[in-house]
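Summary of the model geometry
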Amino acid sequence: MVIPTFNRAHLLPRALDSVMAQSFAPAEVFVVDDGSTDDTAKIVGRDYPSVHVLRQDNAGVSRARNRGILSSQYELIAFLDSDDTWEPAKLQRQVEAMERDPSAMLCHTDEIWIRRGRRVNPMKKHRKSGGRIFERCLPLCVISPSSVMVRRQLFDAVGLFNEELPACEDYDLWLRVTARFPVLYLEERLVVKHGGHDDQLSNKFPAMDRFRIQALRDILSSGSLSE
């Protein structure tokens, strides 16, 4: 599993604690430190000796995730953002689902939203689903990276995260995935997404839709879409 992080020494232990509490322990955990200047590496090395820390110059979340993907040796890969957490049965439920359906390339789950310490209800437009969901993925990102488990060969088919996109890189990848494959969806709230803090990527860039537009332009020009 892969956790990209940048200057989140104050949040990363919460994420890692949720990984260590899994009923199905991950075979390997990579924290990809994207050029942090805080105590990230020190804290992980001291408190989580089984976790592999991969350090790189600050290059963005896409390169960090890709570094973790390429370093992993296993068929199934899961992601967790460093400000989010997993419920204890998250990995177990997804591994079981992927074993039941060997053709499934991606599995995601429902989630709990916390904003500034308070639970909030997602709007109807954020409702999750499975199957052939390409059209549902067009208006906005409806798959959360922290909820995803994928088979390694998926990246052979659609490519890795686009390192040229500083944001909306997940939206871009899910378009490429759902244009070609159905997805599994577990209607269980197995991820807790914590939002509202100042260092969220969505707060870093103005006019975020420009990155979604670029993703749409890219997939339109890719030749992978049917009429």
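The text that follows walks through the structure, step by step, so that each part is easy to find. (Residues numbered from 1 in each chain as written. Predicted model: local features only at pLDDT ≥ 70, side-chain atom pairs only at ≥ 80, totals over all residues. Heavy atoms only, no water.)

1. What about the overall build of the protein chain?
Of the regular secondary structure elements, the protein chain holds nine helices and nine strands. In summary, the protein chain has a C-alpha radius of gyration of 17 Å against a globular reference of 17 Å for 227 residues, a match within 12%. In the protein chain, buried positions account for 52% of the 227 residues. Summarising the internal contacts of the protein chain: among those between residues at least 6 apart in sequence, 75% fall at separations of at least 24. Here the protein chain displays about 11300 Å² of accessible surface, and carbon together with sulfur accounts for 49% of that area. Both charge centroids of the protein chain, one from 31 positive and one from 32 negative side chains, sit 4 Å from each other. (Helix = DSSP H or I, 4+ residues; strand = E, 2+ residues; numbered from the N terminus. Rg over C-alpha atoms; globule rule 2.2 N^0.38 Å. Buried < 20%, exposed > 50% of the residue type's maximum accessible area, 1.4 Å probe, protein only. Contact = heavy atoms within 4.5 Å. Areas by Shrake-Rupley, 256 points an atom, 1.4 Å probe, with all protein chains shown as cover. Lys, Arg positive; Asp, Glu negative; His and termini not counted. Charge placed at Lys NZ, Arg CZ, Asp CG, Glu CD.)

2. Quick look at unusual backbone geometry
Despite not being glycine, R116 has its phi angle at roughly 50°, a positive value. Relative to the elements of secondary structure, R116 occurs in the loop between β6 (106–115) and β7 (118–120). Unlike most non-glycine residues, C168 shows phi in positive territory, near 60°. Examined against the element boundaries, C168 turns out to sit in the loop between α6 (153–158) and α7 (169–178). Among the residues examined, C168 registers a relative accessible area of 6% and is labelled buried.

3. A word on helix α1 (residues 12–20)
Residues spaced three or four apart along an α-helix face the same direction, because each turn holds 3.6 residues. If you check which residues of α1 are buried, you get L12, A15, L16, S18 and V19. Considered in projection along α1, the buried side chains sweep an arc of 155° and stay on one side of the axis. The elements touched by buried residues of α1 are β1 (2–5), β2 (30–34), α2 (40–47) and β5 (85–86). (Arc of directions from axis to C-beta.)

4. Describing the pattern of salt bridges
The full count for this structure, using the stated rule, is twelve salt bridges. Residue E169 is joined to R65 by a salt bridge in which the shortest nitrogen-to-oxygen separation is 2.9 Å. Here R65 lies in helix α3 (residues 61–71) and E169 lies in helix α7, a separation of 104 residues in the sequence. A relative accessible area of 4% places E169 in the buried class. Among the residues examined, R65 registers a relative accessible area of 2% and is labelled buried. (Salt bridge = Lys/Arg side-chain N within 4 Å of Asp/Glu carboxyl O.)

5. Considerations on the pairing of β2
The side chains of a regular strand alternate, residue by residue, between the two faces of the sheet. β2 sits mainly inside the fold: five of its five residues count as buried. Neither face of β2 is left uncovered, since the one carrying F30, V32 and D34 and the one carrying V31 and D33 both have all their residues buried. Examined bridge by bridge, β1 and β2 share four bridges and lie parallel to one another. Looking across to β2, one finds that P4 is bridged to V32. In the classification by handedness, the crossover that spans β1, the intervening α1 and the parallel β2 is right-handed. For β2 and strand β3 (residues 52–56), the ladder comprises five bridges, and the chain directions are parallel. In the strand pairing of β3, V32 is matched with L54. Handedness of the crossover joining β2 and β3 through α2: right-handed. (Pairing = 2+ DSSP bridges. Right-handed = clockwise from strand over helix to strand, strands pointing away.)

6. Looking at the environment of V19
Mapping V19 onto the fold places it in helix α1. We classify V19 as buried; its relative accessible area is 1%. With residues near it in sequence (within four places) discarded, V19 still touches M1, I3, P26, V29, L80 and W86.

7. Some thoughts on the side chain of D110
As for its placement among the helices and strands, D110 is situated in strand β6. The contacts of D110, once residues within four sequence positions are left out, are K128, Y185, L186, E187, E188, R189, L190 and V191.

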